[in-house]
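# A look at the structure
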Amino acid sequence: MNAESNPLSKYFRKPSIYVQIPTGGRFNPEIDKTILDEIPILPMTAIDEISMQNPDELLNGEALMNLISSCVPSIPNPRNLCNIDADLLYLAIKYATYGKTITHLHTCTECKEQAEYNIDINNVLDKFPEIDEVKPVEYEDLKIYVIPPRVESLTRLALIEVEQQRILQAIQETADAEVTEMELAKQFAISFRKVSKQNVDLLISAIDRIETPDKVVTDENDIIEFMNNVPATVVTEVNNRVTEVNKKPEDLTTFEFACESCEHKDTIKFEMNPVNFS
């Protein structure tokens, strides 16, 4: 039975808030342009809430992708979203599900008194920057254009961090087993090179195009070969530009709480990531 023939369909969840994403969909041509000014956000279902509590689904990104597909059905391919757009959508989904207020438990650094403080999601949403095309990195007569990292890249980065932790643990266990230093160094080098390559691959995925005096290069294989054969300083500059465009404004995640007991003011950083939904 579909929603149209279900007599209860009028009671199904409805959009609770409409938002604009920071990039305005500039890097996502697949998004219908008619909805970019007002993207409807639905509240989470019970299944969405349960999925957000599954560590494995959170780690591989499935829970987050499914959450956007469920609550923002107008986005056709959540994995292709820029990270900063996804961050805003996650926050908007929280608003649509639980209301406009986030409650944060904070311990005063002066008197150690604990108290709950309210953060208005509307104020945070208003602080997201508008992202236009990023200034290109120039190398000789080339212009390298980058875009904010995509959700897929963020997920892969999280998996890389887990891999790095696994490498360190394995090396520690090997060291305890009294393996020779030469074998230990070889094992570390192989693992480290693997992780390093993944990091470079993530950086390459953030390159939108490279403009030469004669043509515009968008072929992924051409860009990969280029990045593997240019000086390290060029790769570093591209990495810095990607980091710069992905950086959130300080006041987006920085809050000041005044203790009700001693009136001492604490400034804290509070990452409103989707894992902290409950």
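Look above for the structure.
As a convention, each chain's residues are numbered from 1 in the sequence order in which they are written. At least 70 in pLDDT is required for a residue's local features to be given in this predicted model, at least 80 for side-chain atom pairs to be given and counted, and no such filter applies to totals for whole chains, interfaces and linings, which use all residues. Water and hydrogen atoms play no part in the side-chain values, which are based on all heavy atoms of the structure.

### Thoughts on the overall build of the protein chain
Looking only at helices and strands, the protein chain features ten helices and ten strands. Here the protein chain, with 278 residues, has 40% of them falling under the buried criterion. Accessible surface is estimated by sampling points in the Shrake-Rupley manner with a 1.4 Å probe; for residues, cover comes only from the protein chains shown. As displayed, the protein chain has an accessible area near 16600 Å², and 49% of this comes from carbon and sulfur atoms. Helix numbers and strand numbers start at the N terminus; a helix is a DSSP run of H or I with at least 4 residues, a strand a run of E with at least 2. Relative accessibility decides the category of a residue: with a 1.4 Å probe and only protein chains considered, values under 20% of the type maximum give buried, values over 50% give exposed, and everything between is partly exposed.

### Focus on the pattern of salt bridges
One side-chain nitrogen of Lys or Arg within 4 Å of one carboxyl oxygen of Asp or Glu is enough to make a salt bridge. Under the criterion given, the structure shown has eight salt bridges. A salt bridge links Arg-79 to Glu-62; the shortest N-O distance between them is 2.3 Å. With Arg-79 in the loop between α3 (62-71) and α4 (83-98) and Glu-62 in helix α3, this residue pair connects regions lying 17 residues apart in the sequence. The class of Arg-79 is partly exposed, set by a relative accessible area of 26%. For the salt bridge of Glu-244 with Arg-241, the shortest nitrogen-to-oxygen distance reads 3.9 Å.

### Structural notes on the packing of α3 against α4
Every axis in this analysis is a line fitted to C-alpha atoms, fitted for helices over the stretch in contact. Angles between the N-to-C directions lie between 0 and 180 degrees. Where α3 meets α4, the axes come as close as 11 Å, and the angle between the chain directions of the two elements is 65°. Where α3 crosses over α4, the two elements pack in a sense that is left-handed. Residue-level contacts link Leu-64, Met-65, Leu-67, Ile-68 and Cys-71 of α3 to Ala-86, Tyr-90 and Ile-93 of α4. Split into classes, the residues belonging to the contact of α3 with α4 amount to eight nonpolar, no polar and no charged. If you view the pair so one helix is near and one far, a crossing is left-handed when the near helix is turned anticlockwise from the far one by less than a right angle, and right-handed when it is turned clockwise. Every residue pair with non-hydrogen atoms within 4.5 Å of one another is taken to be in contact. Residue classes follow a fixed rule: Ala, Val, Leu, Ile, Met, Phe, Trp, Tyr, Cys and Pro count as nonpolar, while Asp, Glu, Lys and Arg count as charged, and any other residue, Gly among them, counts as polar.

### What to know about the packing of aromatic side chains
To describe a pair of aromatic rings, one takes the distance between the centres and the angle between the planes. The rule is short: rings of Phe, Tyr and Trp, with Trp giving its six-membered ring, pair when the centres are within 6.5 Å, and they are stacked under 30 degrees, edge-to-face over 60, tilted in between. Under the definition given, this model contains two aromatic pairs. The ring of Tyr-145 carries Arg-209 above its face, with NZ or CZ at 3.9 Å from the centroid. Should the NZ of a Lys or the CZ of an Arg lie within 6 Å of a ring centre and within 35 degrees of the ring normal, that charge is described as sitting over the ring.

### Let's talk about the environment of Asp-48
Its location among the elements puts Asp-48 in helix α1 (residues 46-51). On the basis of relative accessible area, Asp-48 is assigned to the buried category, the value being 8%. Counting along the chain gives 22 residues from Asp-48 to Ser-70, while the straight-line C-alpha distance between them is 7.7 Å. Any N or O atom pair separated by 3.5 Å or less is treated as a polar contact, with the protein-specific requirement of one donor-capable and one acceptor-capable atom, and with residues adjacent in sequence counted only for side-chain atom pairs. Within the structure, Asp-48 has its side chain in polar contact with the backbone nitrogen of Thr-45 (distance 2.9 Å).

### A word on the sheet that holds strand β5 (residues 137-139)
The strand order across the open sheet formed by four strands is β5-β6-β7-β8, and the pairing between neighbours is antiparallel. Lying at the two open borders of the sheet, with one neighbouring strand each, are β5 and β8 (216-217). Here a strand pair is declared whenever DSSP counts at least two bridges between the two strands. Across four bridges, the pairing between strand β6 (residues 142-146) and strand β7 (residues 207-211) is antiparallel. Within β7, the residue paired with Ile-144 across the bridge is Ile-210. Along the sheet, helix α8 (residues 220-227) contacts β5, β6, β7 and β8; its crossing angle with β7, the most-contacted strand, is approximately 80°. Packing against the sheet, helix α9 (residues 232-246) makes contact with β5, β6 and β7, and its axis sits at approximately 35° to β6.

### Considerations on the nonpolar core
The term nonpolar core refers to a set of buried residues drawn from Ala, Val, Leu, Ile, Met, Phe, Trp, Tyr and Cys, joined through side-chain atoms within 4.5 Å. By size, the foremost hydrophobic cluster in this structure holds 69 residues, and its most contacted members are Ile-41, Val-72, Leu-89, Met-227 and Val-238. Tallying contributions element by element places α4 first for this core, with ten residues. Apart from residues no more than four positions distant in its own chain, Ile-41 is found in contact with Lys-14, Pro-15, Ser-16, Ile-17, Val-19, Cys-71, Val-72, Leu-89, Ala-92, Ile-93 and Ala-96.

### Points about the side chain of Arg-150
Note on placement: Arg-150 falls in the loop between β6 and α6 (151-176). Among buried charged residues, Arg-150 stands out as having no salt bridge; its nearest opposite-charge side chain is Asp-208, 5.3 Å away. A polar atom in the side chain of Arg-150 sits 3.2 Å from the backbone oxygen of Phe-27. Leave out the neighbours within four places in its chain, and Arg-150 touches Phe-27, Asn-28, Arg-79, Asn-80, Leu-81, Cys-82 and Asn-83. Counted charges follow a simple rule, with Lys and Arg positive, Asp and Glu negative, and His plus the chain ends left uncounted.

### Section: the side chain of Asn-28
With respect to the element layout, Asn-28 can be found in the loop between β1 (17-19) and β2 (39-41). A residue is classified by how much of its surface remains accessible, and Asn-28, at 0% relative accessible area, is buried. With residues up to four places along the chain from it excluded, the contact list for Asn-28 reads Lys-33, Asn-80, Leu-81, Cys-82, Asp-85 and Arg-150.

### Notes on the environment of Val-216
Checked against the element boundaries, Val-216 lands in strand β8. Sequence-wise, Val-216 and Leu-142 are 74 residues apart; in three dimensions their C-alpha atoms are separated by 9.8 Å. What Val-216 contacts, discounting residues up to four positions off in sequence, is Arg-209, Ile-210 and Glu-211.

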